[in-house]
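# A closer look at the structure
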Amino acid sequence: MGPHTQTDGIVGEEERKFSSAAKVEEVLPVRNAGAEFATTLSWLPERSSSEAFSDRGEKLLSTLKSVATGIDSAYAKNPDSEDLLWLRTNAQQLHSAARAIVGDLSSATLPVVSNKVEILPRVLAIAEGFLDQVGTTFTKSQFTAFCLAFEETTPLEFHEIGSLVPALKLVLLERITDVGVRCLNDPNSAPTQSVVPLIRTFQQVAQASWKEDLESLIPFDEILSRDPAGSYPLMDAESRNSYRERVSQIARRSDLTEIEVANEALALARRAQKRGSRDPRIALRESHIGYYLVSEGVSDLCQKVGYHPTISERFRTLLRSHPDEFLLVGIAVLTFLIVTGVLWILTPPATPLPGVMLSMLILLLPSSQAAVQLMNYLTTNLLSPSALAKLDFSEGVPSDCATLVAIPTLLLNESQVQHLIDELEVRYLGNHDRNIHFAIVSDLPDSPHPAPEENELVDLCSKLIEDLNERYSPKNAGTFFHLHRHRVYNPREKGWMGWERKRGKLLDLNQFLRGHFDSFPVKIGDLSILPTVRFVITLDSDTELPRGSAHRMIGALAHPLNQAIINSEKNIVVAGYGILQPRVDISVQCTARSRLAAIFAGETGLDPYTRAISDVYQDLYGEGSFTGKGIYEVDTMFRVLYGRFPRNSLLSHDLIEGAYARVGLTTDISVIEDYPSHYSAYSRRKHRWLRGDWQIVEWLTDRVPDESGARVPNPISLVSRWKILDNLRRSLVEPATFALLLY
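Residues numbered from 1 in each chain as written. Predicted model: local features only at pLDDT ≥ 70, side-chain atom pairs only at ≥ 80, totals over all residues. Heavy atoms only, no water.

Using the criterion set out here, one finds 20 aromatic pairs in the structure. Consider the rings of F158 and F220, whose centres lie 6.1 Å apart with planes at 55 degrees: the pair is tilted. Of the two residues, F158 sits in helix α7 (residues 158-185) while F220 sits in the loop between α9 (211-215) and α10 (221-224), which places them 62 residues apart along the sequence. We classify F220 as buried; its relative accessible area is 0%. Ring centres of Y472 and F480 lie 6.1 Å apart, and the angle between their planes is 45 degrees; on these two criteria the pair is classed as tilted. The exposure class assigned to F480 is buried, which follows from its relative accessible area of 0%. Connected via pairs of aromatic rings, a cluster forms that spans F37, F130, F138, F143, F146, F150 and W210. Across the ring face of W210, the terminal group of K140 is positioned such that the distance to the ring centre comes to 5.9 Å. The ring of Y617 has K723 sitting right over it, with the charged end atom 5.0 Å from the ring centre. (Phe/Tyr/Trp six-rings, centres within 6.5 Å; stacked < 30°, edge-to-face > 60°. Helix = DSSP H or I, 4+ residues; strand = E, 2+ residues; numbered from the N terminus. Buried < 20%, exposed > 50% of the residue type's maximum accessible area, 1.4 Å probe, protein only. Lys NZ or Arg CZ within 6 Å of the ring centre and 35° of its normal.)

This part takes up the sheet that holds strand β15 (residues 663-673). Spatial ordering of the open sheet is given by β9-β6-β5-β4-β10-β14-β13-β15, a layout of eight strands whose pairing is mixed. On the outer flanks of this sheet lie β9 (522-524) and β15, each paired with one strand and no other. Across the sheet, the axes of successive neighbouring strands diverge by a mean angle of 20 degrees, strand direction being ignored. Docked against the sheet, helix α20 (residues 501-513) engages β4 (403-410), β5 (436-443), β6 (480-484), β9, β10 (535-538) and β14 (630-633), running at close to 145 degrees with respect to β4. (Pairing = 2+ DSSP bridges. Axes fitted to C-alpha atoms, helices over the stretch in contact; angles between N-to-C directions. Contact = heavy atoms within 4.5 Å.)

Now for the pairing of β5. The buried fraction of β5 is high, at eight of eight residues. The side-chain alternation of β5 yields two buried faces, one formed by I436, F438, I440 and S442 and the other by H437, A439, V441 and D443. One ladder, built from eight bridges, connects β4 with β5; its direction is parallel. Residue pairing across strands places T409 opposite S442, the latter belonging to β5. Taken together, β4, helix α18 (residues 414-431) and β5 constitute a β-α-β crossover, and its handedness is right-handed. Relative to β6, β5 runs parallel, the two being bridged by five bridges. Its bridge partner being in β6, F438 is matched across the sheet by F480. For the segment spanning β5, helix α19 (residues 456-472) and β6, crossover handedness is right-handed. (Right-handed = clockwise from strand over helix to strand, strands pointing away.)

Counting residues in hydrophobic clusters, the biggest one holds 134 residues, and the most contacted among them are F130, L168, I176, F220, L224, L301 and I554. The biggest single contributor to this core is α7, with 13 residues. Contact partners of F220, with chain neighbours within four places excluded, come to F158, R244, V247, E258, I259 and A262. (Core = buried A, V, L, I, M, F, W, Y, C linked by side-chain atoms within 4.5 Å.)

The antiparallel open sheet is built from three strands, whose spatial order is β1-β2-β3. The open sheet has two edge strands, β1 (42-44) and β3 (119-121), and neither has a second partner. Pairs of neighbouring strands in the sheet enclose a mean axial angle of 40 degrees, with direction left out of account. Note: β1 against strand β2 (residues 112-114), three bridges, orientation antiparallel. Residue pairing across strands places S42 opposite S114, the latter belonging to β2. Sheet contacts for helix α5 (residues 122-134): β2 and β3; angle to β3, the most-contacted strand, approximately 95 degrees.

Let us look at the packing of helix α17 (residues 353-382) against helix α28 (residues 718-742). Packing of α17 against α28 leaves a shortest axis separation of 8 Å and a crossing angle of 125 degrees. Put simply, α17 runs oblique to α28. Of the two elements, α17 crosses α28, and the hand of that crossing is left-handed. Note on element contacts: α28 touches α17 through W722, D726, R729, R730, L732, V733, A736, T737, A739 and L740, opposite I362, L363, L365, P366, S368, Q369 and V372. (Parallel < 35°, antiparallel > 145°, perpendicular 65-115°, else oblique. Left-handed = near helix turned anticlockwise from the far one by under 90°.)

Tallied over the entire structure, the rule returns 39 salt bridges. Among the salt bridges present, the one from D72 reaches R88, with a minimum N-O distance of 3.1 Å. Within this pair, whereas D72 is found in helix α3 (residues 49-77), its partner R88 is found in helix α4 (residues 82-106), the two being separated by 16 residues in sequence. Classification of D72 as partly exposed rests on a relative accessible area of 44%. Since its relative accessible area comes to 42%, R88 is described here as partly exposed. One salt bridge in this structure joins R501 and D446, with 2.9 Å as the shortest N-O distance. Taken together, the residues span a long stretch of sequence, with R501 in helix α20 and D446 in the loop between β5 and α19 at a distance of 55 residues. A residue is classified by how much of its surface remains accessible, and R501, at 32% relative accessible area, is partly exposed. Taken together, the salt bridges that share partners define one network made up of K211, E215, D221, R240 and R244. (Salt bridge = Lys/Arg side-chain N within 4 Å of Asp/Glu carboxyl O.)

Structure (structure tokens):
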């Protein structure tokens, strides 16, 4: 890629935006200087920047160390020197900052230029040229204007822009050390230049927020903002940055510049917009510029720009193109090798065939567990995790994305009801918004005989919900609901209970939201709001919703690439997601209360870095597994799940519902829940899970029952069937391992 590609008016547009906010007389001189400075540099495409950064970094660190070592003795000779005092006070801070900056820049691979005096990375040349022009005192506006003027002649690459501020800090530190060395060499003489303004300027640069200033320098960002779907400008910073990274990555391995790659992606998106589709969601998805950067359309873009993938990229693409062959066949082969290896080592040659077969049978499940863990480890190391793109709803959720946070629960006693309402209020305070609403969806406990539905616990819950509405209604930031069902007779359980338990609550809620059927004789709250609800965030009663998590989940599911695309023949989601499952972390409090939780819960609390983490199915297949806590789209869930399963037959519904609605894992968003505090509670929970897993064993076959009991073709994918089989396999691993020990 050549460095002198014109930006076709893009920088000029950004400059006009900038000029309206800054004083023209302040930035005009540096703008002229920046434009002139760009013409003095010569690009050297074959040179590496890392060596230059390393050399200058080592020299800087060495000099700073000598300054820090000798500053005390120099200050003792001249305690009245302000320069020596500032150096003495800030020496350690400057050295620590220099180490961090050198570490960041030494690994960077950036364009190198010649300024007729030396060969150096372009970002260092820009920093030196700017400081030569303005001296030691300047504003962010001046630096931005200098860089914008520079880009009128030579657009900077994306990673260069991120290195501009570290480069500026590095040059400032070099000038501080130069003055510092002169002060140490002759502490009693007045220096020709004071170090104080330099240190003050460095501190201001280090403390300033440069995010918006640097974004205005990205030459191709305005191209991405022309997204025909209109979504790119509405995305959050992390998602926009992932698109920019992808543009930069494709440009590095092609014959085009970053600006040209962005233009090609925009052209593909506009072509898709003109082409259209019968399904408006497919049309929106394919006309979104990100479809050609991070989704299925990336192959079209790479082919168009002449992208040359690395060997590792080709291998990862091959894995994602044939995930079943890699994962499922890999598990089978590894299981066979482990069983064969153990038998080869431990079985005498004279062992009769029935004994060998029995040994293989006993070894099969424990060996399969080892094989699955090995394949999981291999997959997560070969494939890097990536976060799902999100719209930025941090300033407010739009009315077309109205969301209900629903807590399906039983009402057990007065203190439990009070605790439910208190926790609901906490969730509200951390995620309040005029279009996020909160509901308790309740049943009374199972009863072996008919019992009156008028209950003081129901009345108490309704009153507390009314109190919350009265307390927070002036804020106009969401409202509260109580939706309560009556118990019905269940012939299988031979008792009166809420229909289908938790699954039934959510199915009834979906029908009620869409006006199909009302199963809630008790309804508290402004019911006129409920028909506008598009998404539901379902949480268990002990699940915490950290601050801002609801906004991020809604933003993720509303993004064009994540909106569900339903196959009309199979009536299941085949692209995008009907459900998004956040990462489930364990609360710190429960591990402090229980030794069992402390031992088995693993890492606890919030992850301060909110990073995406690896998951085999999400990384390999682009979809995960539902565990009952997350956000779903009401219309999608109602369409793909209504009438699909026999009544009163599925205790554990999360996995099979996720197979129909398709689940995306948002591992950079978390919710927090408690871990069982006692072994008995852990065992009861595990028993429920295992019982539910075995109830969906029929979905391993080609024909499955629907709500009427009729056998219909099984629409779920091979990997969804594998997830069911894997759960059944894991339920047998412990007894099989015990049998192996006895054998």
